[in-house]
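# Structure assessment
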Amino acid sequence: MSGPRLLAFAASFRRNSWNRKLITLAADLAREGGADVDLADFREFDMPLYDGDVQAEPGIPPGAEEMARRVAAVDGIVIASPEYNFSMPGTLKNAIDWVSRVKPMPFRGKTGFLLAASNGQVGGIRGLWQLRIPLEGLGVTLHPDMYALPWASKAFGPDGRLVEQERLDRLRVMIQRYLEMARKLAGGTALNPTTGS
Ligand SMILES: Cc1cc2nc3c(=O)[nH]c(=O)nc-3n(C[C@H](O)[C@H](O)[C@H](O)COP(=O)(O)O)c2cc1C
């Protein structure tokens, strides 16, 4: 059986982003589990702040169109997001808002898996709870478990893996479980909110 097609990215522009390290590792583990992963750089989805007048003319910006195209091409999305002030970065919410205006709206019927890395002790999990709201609202079926990596500055070895074996094993297991879910739900399950079918 072929693995699910996934789009993976970290919602950070920072050159030494911990979340980029984490999503790179998660993408490797998902590929080892049989997934076909499109690992994107968040800069590919650069876009202005949402403005309804810009949407009307000249239209959806190229970065949002690109993100929408890449979301539409896969079964599931995997996002590693920093926690900003107990929530998601404004850049990520802005991207979700723009992409949600693209027709057909590409998030509907996708599955998703969320991760976070932070140099604090909580690992960014509070931001992920906030991130579930717009994604679930848009029809993404999110894996119930989320992966939060605390003390990120000490977590990665030179090979990009996690130095603590237990944390690495937990990430591998969570990704395996998400891949099982993504395989089962590939093709879309969410109802069209307008027609209910
Ligand atoms: C505006 C802002 C707010 C932040 N708020 C939190 C927070 O609420 N919780 C937390 O753990 N870290 C917080 N941080 C620290 C980030 O987790 C840290 O900058 C992290 O390295 C960002 O992810 P990155 O390395 O992938 O860019 C905040 C950082 C910024 C810039």
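Residues numbered from 1 in each chain as written. Predicted model: local features only at pLDDT ≥ 70, side-chain atom pairs only at ≥ 80, totals over all residues. Heavy atoms only, no water.

### Some details on the site of the ligand
- Surveying the vicinity of the ligand reveals the residues Ser 12, Arg 14, Ser 17, Trp 18, Asn 19, Pro 82, Glu 83, Tyr 84, Asn 85, Phe 86, Ser 118 and Arg 126.
- A distance of 2.9 Å is found between an oxygen atom of the ligand and a side-chain nitrogen or oxygen belonging to Arg 14.
- Note that an oxygen atom of the ligand is positioned 2.7 Å from one of the side-chain N or O atoms of Ser 118.
- Protein coverage of the free-state accessible area of the ligand, which is 610 Å², stands at 70%.
- Here the shell around the ligand is built from residues that sort into 4 nonpolar, 5 polar and 3 charged. (Near = heavy atom within 4 Å. Polar contact = N/O pair within 3.5 Å; in protein donor to acceptor, adjacent residues only side chain to side chain. Areas by Shrake-Rupley, 256 points an atom, 1.4 Å probe, with all protein chains shown as cover. Nonpolar A, V, L, I, M, F, W, Y, C, P; charged D, E, K, R; others polar.)

### What to know about helix H1 (residues 18–32)
- The end-to-end C-alpha distance of H1, which contains 15 residues, comes to 21 Å, matching closely the 21 Å that a straight helix rising 1.5 Å per residue would cover.
- Residues of H1 that are buried include every one of Asn 19, Leu 22, Ile 23, Leu 25, Ala 26, Ala 27, Leu 29 and Ala 30, and no others.
- One side-chain oxygen of the residue at the start of H1 lies 3.1 Å from the amide nitrogen of Asn 19, identifying that residue as Ser 17.
- Gly 34 lies just past H1 and shows a positive phi near 100 degrees. (Helix = DSSP H or I, 4+ residues; strand = E, 2+ residues; numbered from the N terminus. Expected span 1.5 Å × (residues − 1). Buried < 20%, exposed > 50% of the residue type's maximum accessible area, 1.4 Å probe, protein only.)

### With respect to the nonpolar core
- Residues Phe 9, Met 67, Ile 77, Phe 107, Leu 131 and Leu 135 are the most contacted members of the largest nonpolar core, which totals 32 residues.
- Elements supplying a minimum of two residues to this core: strand E1 (5–10), helix H3 (62–72), strand E3 (76–80), helix H4 (90–99), strand E4 (111–117) and helix H5 (125–137).
- Looking at this core, the element that brings in the most residues is H4, giving 5 residues.
- Setting aside chain neighbours within four positions, we find Ile 77 in contact with Leu 7, Val 71, Phe 107, Thr 111, Gly 112, Phe 113, Leu 135, Val 140 and Tyr 178. (Core = buried A, V, L, I, M, F, W, Y, C linked by side-chain atoms within 4.5 Å. Contact = heavy atoms within 4.5 Å.)

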